[in-house]
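Residue strings, one per chain:
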Amino acid sequence: MQIKFTLNGKEVEVNVKPNSTLLEVLRGILKLTGTKKGCARGECGACTVLLDGQPVCSCLVLSPSVDHREVVTIEGLGTQDNLHPLQEAFMEYGAVHCGFCTPGMLLSAKALLDEKPNPTEEEIKIAISGNLCRCTGYIPIVRAIQSCTTENKTIRGLDKK
Amino acid sequence: MSCRMTPELFTLPPFQYYSPSTLKETLSLIEKFGSEGVLIAGGTDLIPLLKLRTVTPQYVVDISRLSELDFVKQNGGLLRIGALTKHRSLERSPIVLQSAPILAEAASQIGSPLIRNMGTVGGNLVNASPCSDTSTPLLALGAELKLNKSNAQRTVSIDDFFLDVKKTIIQHDELLTEIQVPERSHGAGAAFVKVGRRTGNDLSIVSAAVSINIQKGVCNSARIALGSVAPTPIRVKKAESYLVGKNVGGREVSEAAEMASQEIRPISDVRASAEYRRDVARTIVEMAINKAIGNAGV
């Protein structure tokens, strides 16, 4: 069946099988491999995308249900020449090790800051609680996100501790 | 849950897909499909089951766009929640936070934000896992559930809803449309406690929800519900009756908690042993009763 949706700001039309997930469509048909396949059952968050602005597990989204909606993947967050402040912060704070959780972490973080520009540390931890990381121990990720709150943007780059 | 997720199990089995735009259309489809059809709302429970081939329906009826079932309203004192209300909405709803705060609290501890952004309260109830986090608050609050079919509807008490593991009284041609929570009475207090292996993104090892009514230091009603300690979410009625009529100032609360821990039938599984569950149940029932007493009349 045909589905039409907004992907990273652009209208796309794709022919999909109803028994397919958004994750399969993004990686397999649209060749956007920034979104990762981890557990395939909604427990690891590696497949996180924004659906109508909210972070969800694309491995749990039936592709027909995306018709007429808005999807943002990691490819839509920034470009190599124009990185999103969160992407810059992740690099500065050592929040990227193997990189597998990173797309999901960035999108969960972006959604949080869009809703709450000045979250507490606890709110940040809750926001990324669906994104598992096996490498960093989470602290660099939390610090990177903290550095992007409205309050901290002014001192970012001056104090990396 | 089986961990044998071989590569072919990352895909969905074949099915025919329907996306009705009205409740009426939905009801006539599920009447037609009977046991060959399943409903999908948020998909957070169903999709993994489909991938594991635990369910292999011929038809999947997508009700996620039925916005008419996504609401939180208050009619007089009655709290009415549409079955397609997401956990994310329950968590944040000013009405729920005011009138049934333990439901908001429980919803906020389901899975992760990624799950809460898609999962619905109706799905959580109908999936009927013994650990269902919306079930215990709704049992404690004495909720009623509205079930619709093509030309009839019925309202059942949540006390009668769960039959067995993943089994409810819902018929194949019925849809859960609404959850109704009676008005909070004067002197009522409630609390919810969930214990898991992690502080987030986990099923409960044990959970407890308590609603208690205190008048002049005396308990005049109590509802104590526990999750993950029996084939379904349950109320511990002996512990509840024990508290009624008693002055809740001394040892009564720990006695009730001890009774509750004896009333349950926990099993040992990957998350915890039966003994541990019994022990933790005793502790959190005491905590929840005390917390509920503290909230009473507030």
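Residues numbered from 1 in each chain as written. Chains lettered and ligands numbered in written order. Predicted model: local features only at pLDDT ≥ 70, side-chain atom pairs only at ≥ 80, totals over all residues. Heavy atoms only, no water.

(A) Molecular detail of the pairing of strand 4 (residues 54-57) of chain A. All names here are of chain A. In this sheet, strand 4 lies alongside strand 3 (residues 48-51) in antiparallel orientation, the contact comprising four bridges. If you follow Thr 48 over to strand 4, its bridge partner there is Cys 57. Hairpin connection, strand 3 to strand 4: the antiparallel pair is bridged by two residues, and Asp 52 has positive phi, about 50°. (Pairing = 2+ DSSP bridges. Helix = DSSP H or I, 4+ residues; strand = E, 2+ residues; numbered from the N terminus.)

(B) Spatial organisation of the sheet that holds strand 2 (residues 37-40) of chain B. Residue and element names in this part refer to chain B. Within the open sheet, the three strands sit side by side as 1-3-2. Their pairing is parallel. Every other strand in the sheet has two partners, leaving strand 1 (16-18) and strand 2 as the edge strands with one partner each. Averaged over all pairs of adjacent strands, the angle between strand axes in this sheet comes to 25°, irrespective of strand direction. The strands that helix 1 (residues 23-33) touches are strand 1, strand 2 and strand 3 (59-62); relative to strand 3, the one it contacts most, it runs at about 165°. (Axes fitted to C-alpha atoms, helices over the stretch in contact; angles between N-to-C directions. Contact = heavy atoms within 4.5 Å.)

(C) Local environment of the pattern of salt bridges. By the definition in use, this model includes 25 salt bridges over all chains. As a salt-bridge pair, A:Arg69 and A:Asp52 come within 2.9 Å of each other at their nearest N and O atoms. Here A:Arg69, found in the loop between strand 4 and strand 5 (70-72), pairs with A:Asp52, found in the loop between strand 3 and strand 4; they are 17 residues apart in sequence, far enough to count as distant. Here A:Asp52 falls in the partly exposed class, since its relative accessible area comes to 41%. A salt bridge links B:Arg282 to B:Glu258; the shortest N-O distance between them is 3.2 Å. Separated by 24 residues along the polypeptide, B:Arg282 in helix 11 (residues 274-295) and B:Glu258 in helix 10 (residues 252-263) bring together distant segments of the chain. (Salt bridge = Lys/Arg side-chain N within 4 Å of Asp/Glu carboxyl O. Buried < 20%, exposed > 50% of the residue type's maximum accessible area, 1.4 Å probe, protein only.)

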